[in-house]
Amino acid sequence: MKFVTYTATPDLDRFPERERFSVWRSAHKRLMRTDPDYQRRVRGFRWRIAGTTVLFVALSLALDRFAWPPFVVQLPVYLALTVIYVVYILRTSFGAQHFQNERVGKALHEHVA
């Protein structure tokens, strides 16, 4: 898993540092309005994260509600669920950011060229 932020966007370094986030954001907004594939993929990432969060909360509450299995079993299961949840959310989030950076960078390149 590679840690990715908007600053890793190709062609973003051509802009002054103080303007980079606003340039990235405006390109992202333009793609969300004009590119159906980009819009679908970004919304898909968001839905996956939201769905995983709902599932995690439901499983956590279910473990807390029932007296069986005993707490000695519940704790490792809860810790494992938490680790799996965090890893999945981080992987999905960084994957989404990487995808967005590629598409925003391509849009910036095409806009200038």
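Chemist: Would you mind going over the overall build of the chain with me for this structure?
Modeler: Across its full length, the chain carries three helices and zero strands. Expected size for 113 residues packed as a compact globule is a radius of gyration near 13 Å; at 19 Å, the chain overshoots this value by more than 25%. Projecting the C-alpha coordinates of the chain onto the three principal axes gives extents of approximately 65 × 25 × 20 Å. Looking at the chain residue by residue over its 113 residues, the buried ones come to 27%. For the chain, the exposed surface amounts to about 8,100 Å²; the carbon and sulfur share of it is 64%. The averaged location of the 9 negative side-chain charges in the chain is 5 Å from the averaged location of its 17 positive side-chain charges.

Chemist: Even after reading the chapter, I still don't get the pattern of salt bridges, so can you show me in this structure?
Modeler: It is possible for side chains bearing opposite charge to pair when their charged atoms get close. Here the structure, examined in full by the defined rule, presents four salt bridges. Residues Asp11 and Arg14 are paired through a salt bridge, measuring 4.0 Å at the closest nitrogen-oxygen approach. The class of Arg14 is partly exposed, set by a relative accessible area of 41%. Of the charged contacts in the structure, one is a salt bridge between Asp37 and Arg103, with a shortest N-O distance of 3.1 Å. With Asp37 in helix α2 (residues 36–65) and Arg103 in helix α3 (residues 71–112), this pair connects stretches of sequence that are 66 residues apart.

Chemist: I tried to follow helix α1 (residues 20–34) on my own but got confused; where do I start?
Modeler: Owing to its 3.6 residues per turn, the α-helix aligns residues three or four sequence positions apart on the same side. If you check α1, its first and last C-alpha atoms are 21 Å apart, about what 15 residues at 1.5 Å a residue would give, namely 21 Å. Of the positions making up α1, those classed as buried are Val23, Trp24, Ala27, His28, Leu31 and Met32.

Chemist: Please explain the packing of aromatic side chains as it appears in this structure.
Modeler: Aromatic ring pairs: the centre-centre distance and the angle between the two ring planes describe each pair. Under the definition given, this model contains seven aromatic pairs. Both rings, one in Tyr38 and one in Phe99, keep their centres 5.7 Å apart while their planes meet at 25°; by these two values the pair is stacked. Within this pair, whereas Tyr38 is found in helix α2, its partner Phe99 is found in helix α3, the two being separated by 61 residues in sequence. On the basis of relative accessibility, which here comes to 0%, the residue Tyr38 falls in the buried class. According to the relative accessible area criterion, Phe99 is buried, its value standing at 7%. These aromatic residues form a ring-pair network of at least three members: Tyr6, Phe21 and Trp24.

How each quantity is defined
- Residues numbered from 1 in each chain as written.
- Predicted model: local features only at pLDDT ≥ 70, side-chain atom pairs only at ≥ 80, totals over all residues.
- Heavy atoms only, no water.
- Helix = DSSP H or I, 4+ residues; strand = E, 2+ residues; numbered from the N terminus.
- Rg over C-alpha atoms; globule rule 2.2 N^0.38 Å.
- Buried < 20%, exposed > 50% of the residue type's maximum accessible area, 1.4 Å probe, protein only.
- Areas by Shrake-Rupley, 256 points an atom, 1.4 Å probe, with all protein chains shown as cover.
- Lys, Arg positive; Asp, Glu negative; His and termini not counted.
- Charge placed at Lys NZ, Arg CZ, Asp CG, Glu CD.
- Salt bridge = Lys/Arg side-chain N within 4 Å of Asp/Glu carboxyl O.
- Expected span 1.5 Å × (residues − 1).
- Phe/Tyr/Trp six-rings, centres within 6.5 Å; stacked < 30°, edge-to-face > 60°.

Without other data, these values stay purely geometric and don't point to any function.
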